[in-house]
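Summary of the model geometry
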Amino acid sequence: ASFRVALLHRVLLGGGLSVTLVGVRHVISRDYPQRFSFMTSLSQSLANIVGALVALAASFTTILTTFRAPFMVVGVLFVPIGIALLIVIGRNSAGTQPQTDASPTASIGAILAACLGSRQFWAGLVYYSCLFGTVLAYSDLWNIQFQMDYFKHTSQDSALLNAVLPLGVTFGSLSAGAWAQVRGDFVLPARVFGLLAVAAFGVMYTVPLPEWMALTANFFIGFALAGSILGFTAIQRHLPAFARATGTALVATAAFVMGGVIQPAIGFMLEVPLHSSQLFQLIMSEDPNFGHYQKGMMLLFVSVLTGFLASLLFKRAHAGES
């Protein structure tokens, strides 16, 4: 297939899968409003367990050496999943109590006004976009092939380094959701996880790590960035019911846009000569290899720092539980 056809396929794939994120958040908001933080985190954890298993499988099977075979397998698996969704998605889960018998409705203008006029919406958008966008960019750019080419790792070691990132997100999601649920408030957990992300990328940016420490660092990065899920709790707690689904969609879209912007921006940064400015001379290593690595990490550090600063704008919800 040509590059244009491949690009179109990627767009179609992204459009089809995009419903999963917003759809899951909507169903959780509808059926588990009092356990939103934990159930949302649980859904993210399950997704990342699958991601970690796929990353590990990459080093032990040849099916991933061609792109058609895994796509065909996944396509077949989506058929029963789609049928199951058609059967059960319109029903409330057994034992749950929806907030209302009918979903509240409003005009698109009123919905956008409620979202865009809320400072908590913007704080949640920036927080989630910066942290989750960093997850997307980091996992896409620091992939198996990159580690094999740049760090000269074996395929097995590279797959393991990649697998610990979604594993970290898995445990971090559960921890962030459980903590917010127990507290009945998402503000402090969101700030702590944001600060942990800043610390993790600060270490990765400044210190060349041996392989075993890089494994630990990747796990810790995934753990810290998993706190991004609490950005959706800000939407759930501070937007009116009629605006939550659209607010969730806007925040999710912004995160993927952020992840997409970071990646080419990193490529642009890497093209700039290492010591072309006084700023680079001050903050970059004199080692050319690690200096180029630092240039790539710089934007990720700035992104998570911005997300943490956005969490400082979060306010505690006045009623209900997070």
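Basis of the calculations
- Residues numbered from 1 in each chain as written.
- Predicted model: local features only at pLDDT ≥ 70, side-chain atom pairs only at ≥ 80, totals over all residues.
- Heavy atoms only, no water.
- Helix = DSSP H or I, 4+ residues; strand = E, 2+ residues; numbered from the N terminus.
- Buried < 20%, exposed > 50% of the residue type's maximum accessible area, 1.4 Å probe, protein only.
- Contact = heavy atoms within 4.5 Å.
- Expected span 1.5 Å × (residues − 1).
- Salt bridge = Lys/Arg side-chain N within 4 Å of Asp/Glu carboxyl O.
- Core = buried A, V, L, I, M, F, W, Y, C linked by side-chain atoms within 4.5 Å.
- Axes fitted to C-alpha atoms, helices over the stretch in contact; angles between N-to-C directions.
- Parallel < 35°, antiparallel > 145°, perpendicular 65-115°, else oblique.
- Left-handed = near helix turned anticlockwise from the far one by under 90°.
- Nonpolar A, V, L, I, M, F, W, Y, C, P; charged D, E, K, R; others polar.
- pLDDT = per-residue confidence, 0-100.
- Phe/Tyr/Trp six-rings, centres within 6.5 Å; stacked < 30°, edge-to-face > 60°.
- Polar contact = N/O pair within 3.5 Å; in protein donor to acceptor, adjacent residues only side chain to side chain.

This part is about the overall build of the chain. Broken down by element type, the chain carries 13 helices and zero strands. When each of the 322 residues of the chain is scored for burial, the buried share is 40%. Within the chain, contacts between residues separated by at least 24 positions form 78% of all contacts whose residues are at least 6 apart in sequence.

Further remarks concern helix α11 (residues 244–271). If you check α11, its first and last C-alpha atoms are 41 Å apart, about what 28 residues at 1.5 Å a residue would give, namely 40 Å. Buried within α11 we find Arg244, Gly247, Thr248, Val251, Ala252, Ala255, Gly259, Ile262, Ile266 and Met269.

Per the counting criterion, the structure on display carries two salt bridges. In this structure, Asp185 engages Arg183 in a salt bridge whose closest nitrogen and oxygen atoms are separated by 3.6 Å. The class for Arg183 is partly exposed, based on a relative accessible area of 37%. In this structure, the salt-bridge partner of Asp185 is Arg316, at a minimum N-O distance of 3.4 Å. With Asp185 in the loop between α7 (155–183) and α8 (187–206) and Arg316 in the segment after α13 (288–311), this residue pair connects regions lying 131 residues apart in the sequence. Three or more residues are tied together by salt bridges with common partners; here these are Arg183, Asp185 and Arg316.

In this section: the nonpolar core. Ranked by internal contacts, the top residues of the largest apolar core, which has 58 residues, are Tyr138, Phe201, Ile221, Leu225, Met297, Leu300 and Phe314. Per-element tally for this core: the top contributor is helix α5 (residues 119–141), with twelve residues. Setting aside residues up to four positions removed in sequence, Ile221 forms contacts with Tyr138, Leu165, Ala200, Phe201 and Met204.

A few words on the packing of helix α10 (residues 230–238) against α11. Close contact between α10 and α11 brings their axes to 9 Å; oriented N to C, the two are set at 155°. One way to sum up the angle between α10 and α11 is to call them roughly antiparallel. For α10 against α11, the interelement crossing comes out right-handed. Residues Phe232, Ile235 and Gln236 of α10 pack against Arg244, Gly247, Thr248, Val251 and Ala252 of α11. Among the residues forming the contact of α10 with α11, the class breakdown is four nonpolar, three polar and one charged.

Looking now at the confidence of the model for the chain. Fine structural detail should not be taken from predicted coordinates in areas where pLDDT scores are low. With 72% of its residues at a pLDDT of 70 or more, the chain shows a mean pLDDT of 77. Within the model, pLDDT remains below 50 along residues 93–102, and this stretch shows 14 contacts once partners closer than five positions in the same chain are excluded.

Here the focus is the environment of Thr105. Turning to its location among the elements, Thr105 is positioned in the loop between α3 (68–88) and α4 (108–116). The exposure class assigned to Thr105 is exposed, which follows from its relative accessible area of 73%. Each C-alpha atom, one on Thr105 and one on Ala243, is 8.5 Å from the other, the two residues being 138 residues apart in sequence.

Another aspect to go through is the packing of aromatic side chains. Scanning all chains against the criterion turns up ten aromatic pairs. The interplanar angle of 25° and the centroid separation of 5.4 Å between the aromatic rings of Phe193 and Phe223 together place this pair among those described as stacked. Of the two residues, Phe193 sits in helix α8 while Phe223 sits in helix α9 (residues 211–225), which places them 30 residues apart along the sequence. The exposure class assigned to Phe193 is buried, which follows from its relative accessible area of 3%.

The next thing to look at is the side chain of Ser173. Residue placement: Ser173 occurs in helix α7. Looking at Ser173, its side chain comes within polar contact range of the main-chain oxygen of Val169, at 2.7 Å. Other than its neighbours up to four places away in sequence, Ser173 contacts Ser41, Gln44, Ser45 and Ala226.

So, on to α5. Taking 1.5 Å of rise per residue, the 23 residues of α5 would be expected to cover 33 Å, and the 32 Å separating its terminal C-alpha atoms lies within 8% of that figure. When you tally the buried positions in α5, you get 17 out of 23 residues, the bulk of the element. Capping of α5 at its N-terminal end is provided by Ser118; its side-chain oxygen lies 3.3 Å from the backbone amide nitrogen of Gln120.

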